[in-house]
Amino acid sequence: MIGTVAVNGEVRRMEDLRLQDFLQSFFFGAGFFETLLVEEGAPMFLERHLARLRSSLEAHAGCVHSPPPEVLTAGAVREALRQCLEADANLGPRFTGVAKLVAGDERLLLSFRPLPQRPSGEGVVLDTVEDRCYRRGDPTLNHKSVSYLRQYAHLGRGTVFVNEAGELCEVPNGNLFFLVGDTVVTPPLEAPCLPGIIRSVLLEKGRLGGMPVEERAMRREEVEGVRGCILTNSVSLALAVPRLLGRNLPGSHALAGHARAVVGEYAQQET
């Protein structure tokens, strides 16, 4: 992580932050976070990220102390980001990497890290199942809480989370889209799964490579009929899944290409 941060818009050094200012978040996980891509100094889909963050804070107003509303605006975050990039030679105004917003304890913390290293055409293999670990309709999993232990424990393991009904939900770091027949299917929020930013873009578009995109439950046994799969999140955007639960999926790379094209189109409109 890069040492320059902003707290409620004020540029600080990470080592100067005080634990007592983040007690709820640190000890109880009472906070929410957003991870977003920054390209050439411009945060991607910032308004969507802030809308999701505000929604989570409003849904948990009784237990999470929200930052002041004026620091949760796109203008305020863009200005804090600009000041951080100018203040740190390791960042610079043309910084391309990852920004993270953490909201809790009446503070909004903005921090930065480099892009993860991943060969461009590699994709990600998902061959492990965490069975019955999600409960259908659980609303807590629709929010990106800093209580991230289950997801964090499975990062890098190629794990798919499955609910008690045997339905595929999500992976630790993103949403899933499956090519089934001539339709692209993604699990509904009540599966449950996170309302991912890239997920919302692809659902709004409604088509990938000429094929309709729809939300519906995806049972584990339906994997036998899947021809392609992608993992979406706000940093990698869309990654091909060339193998899913022991099955090779030849259609995944093309599907990822279609998804990245849609994301690029929307990003240009919303920057």
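Now for a quick tour of the structure. (Residues numbered from 1 in each chain as written. Predicted model: local features only at pLDDT ≥ 70, side-chain atom pairs only at ≥ 80, totals over all residues. Heavy atoms only, no water.)

## Overview of the nonpolar core
Phase 1: The biggest cluster of nonpolar side chains holds 27 residues, and the ones touching the most others in it are Leu 53, Leu 101, Leu 108, Leu 110 and Phe 112.
Phase 2: Only strand E1 (2-7), strand E3 (32-39), helix H2 (46-59), helix H3 (74-87), strand E5 (97-104) and strand E6 (107-113) provide two or more residues apiece to this core.
Phase 3: Residue contributions to this core peak at 6 residues, all from H3.
Phase 4: Beyond its immediate chain neighbours, meaning those up to four positions away, Leu 53 contacts Phe 32, Phe 33, Glu 34, Leu 72, Ala 103 and Leu 108.
Phase 5: The next biggest cluster of nonpolar side chains, apart from the first, holds 24 residues, and it includes Leu 37, Phe 177, Ile 230 and Ala 259. (Core = buried A, V, L, I, M, F, W, Y, C linked by side-chain atoms within 4.5 Å. Buried < 20%, exposed > 50% of the residue type's maximum accessible area, 1.4 Å probe, protein only. Helix = DSSP H or I, 4+ residues; strand = E, 2+ residues; numbered from the N terminus. Contact = heavy atoms within 4.5 Å.)

## A word on the pairing of strand E7 (residues 128-134)
Phase 1: By the bridge criterion, 4 bridges tie E7 to strand E8 (residues 159-163) in an arrangement that is parallel. Note on E8: the bridge partner recorded for Tyr 134 is Asn 163. (Pairing = 2+ DSSP bridges.)

## Section: the packing of H2 against helix H5 (residues 197-205)
If you want to describe how two helices pack, look at the angle between their axes and the distance between the axes.
Phase 1: Look at H2 against H5: their axes get within 10 Å of each other, and the N-to-C directions meet at 115°. Regarding the angle of H2 to H5, the classification is roughly perpendicular. Considering the relative orientation of H2 and H5, their crossing is right-handed. For the pair H2 and H5, contact is made by Arg 48, His 49 and Arg 52 and by Ile 197, Ser 200, Val 201 and Glu 204, respectively.
Phase 2: Across the contact of H2 with H5, the residue classes tally to 2 nonpolar, 2 polar and 3 charged. (Axes fitted to C-alpha atoms, helices over the stretch in contact; angles between N-to-C directions. Parallel < 35°, antiparallel > 145°, perpendicular 65-115°, else oblique. Left-handed = near helix turned anticlockwise from the far one by under 90°. Nonpolar A, V, L, I, M, F, W, Y, C, P; charged D, E, K, R; others polar.)

## Focus: H3
Phase 1: With 14 residues, H3 should reach 20 Å at 1.5 Å per residue; the first-to-last C-alpha distance of 20 Å fits that figure.
Phase 2: Taken residue by residue, H3 has Ala 74, Val 77, Ala 80, Leu 81, Cys 84 and Leu 85 as its buried positions. End-on, the buried residues of H3 take up no more than an arc of 135°, which puts them together on one face. In H3, the exposed residues that point more than 90 degrees away from the buried face are Gly 75, Glu 86 and Ala 87. (Expected span 1.5 Å × (residues − 1). Arc of directions from axis to C-beta.)

## Details of the sheet that holds strand E15 (residues 237-240)
Phase 1: The strand order across the open sheet built from 6 strands is E12-E13-E11-E10-E14-E15, with neighbouring strands paired in mixed fashion. One side of each edge strand has no neighbouring strand; the edge strands of this open sheet are strand E12 (207-208) and E15.
Phase 2: Seen against the sheet, helix H6 (residues 252-270) touches strand E10 (175-180), strand E11 (183-186), E12, strand E13 (211-215), strand E14 (226-233) and E15 and runs at an angle of roughly 40° to E14.

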